[in-house]
Every structure is written in C-alpha cells, then in structure tokens.
Amino acid sequence: MKIRIKINFCPGELSKDHPLFEENFNCVERFVALPGENVVCWRCNGAGAHVNPAIDGNGISPEEFHEDPDFAESYFGGVYDITCEECNGDRVVGQANEKAFSQGDREIYKQHLDYLEADRQIRAEHAAEIRAGA
Ligand SMILES: [Zn+2]
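Residues numbered from 1 in each chain as written. Predicted model: local features only at pLDDT ≥ 70, side-chain atom pairs only at ≥ 80, totals over all residues.

Draft legend 1. A look at the overall build of the protein. Helix and strand counts for the protein come out as four helices and five strands. Relative to the globule expectation of 14 Å for 134 residues, the C-alpha radius of gyration of the protein, 20 Å, shows a markedly less compact shape. C-alpha atoms of the protein, sized along the principal axes, occupy 60 × 40 × 25 Å. By the burial criterion, 10% of the 134 residues in the protein qualify as buried. Sequence separation of at least 24 residues holds for 74% of the intrachain contacts in the protein that already meet a minimum separation of 6. (Helix = DSSP H or I, 4+ residues; strand = E, 2+ residues; numbered from the N terminus. Rg over C-alpha atoms; globule rule 2.2 N^0.38 Å. Buried ≥ 20, exposed ≤ 12 C-beta atoms within 10 Å, placed from the backbone. Contact = placed C-beta atoms within 7 Å.)

Right under this line is the structure:
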C-alpha cells in the first residue's frame, strides 16, 4: 500500500528520469506517495492532541505541580492541549516501508533522511551555542 509522507527534497538533485525531477535547486517539502503504512502517532500516542510545548517544552518538575495544584489540575485536565503537531489530529502518521521502495523511492527518501540529519545537526549546534552563552 502507498501512503502520503511529508518529504523534504531538492527536485534538481534527483536523477533526470525521476518523476519528481525539476530544474529547481530550492529544497521543498511535499507529500509524496511511498510504500508504507499508517502507524499510531509517536508524538501524541494516538490521542490526536498533546500539551502545548510552550507550556511543558522545557519540562515541568513535580515541585511545580505540588506548589500550584490549580496548574496541575488544568495541565492533567487537558486545558493546555493543542491539536497534535505531528499528525494534525489524525492520530496516525505515515511510516515508510523501505523494503518495498522502488529505486526512485529510495533516491528521494535518502534526500529526506539527509535533510533530517542536517536539520538535527543544526539544532544540536544551536543548542550548544546557547549553552555556551553565545
Ligand atoms: Zn499525533
């Protein structure tokens, strides 16, 4: 089965015979149909919603809940919940099945993985700069 997965790639870096090739070297984010299946969303565990990261993105200590029971009640009661940022409330996300990929699928997915890795490194460097007080 094919599912739609959000892929980051650069159309101009694909092989010229790839269906998604374009003379365009700006990287794009697009939904691409790839072999795979829908799996329960890792972000919200299938709930379709999670607490707003603006509230608990840096973590909340047990002391904070203890000192502010009203906050704790609201927090666990779902007051700060937002629609899941990963699945957009669908409760499932597409997961590619790389074993079923065609050569073209592999080519585009490799770019996507490279993009994710580069993105992860940039974030890690940024976080290190903040820790160093830059
Ligand atoms: Zn989700």
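Draft legend 2. Local environment of the sheet that holds strand E2 (residues 28-40). Ordered by their spatial adjacency, three strands build an open sheet running E1-E2-E5, and the pairing between neighbours is antiparallel. The outermost strands of the open sheet, each flanked by one partner alone, are strand E1 (2-9) and strand E5 (92-96). Across the sheet, the mean angle from the axis of one strand to that of its neighbour is 60°, orientation sign disregarded. Here eight bridges tie E1 to E2, and the two strands are oriented antiparallel to one another. The residue bridging Lys-6 from the neighbouring strand is Phe-31, located in E2. (Pairing = 2+ DSSP bridges. Axes fitted to C-alpha atoms, helices over the stretch in contact; angles between N-to-C directions.)

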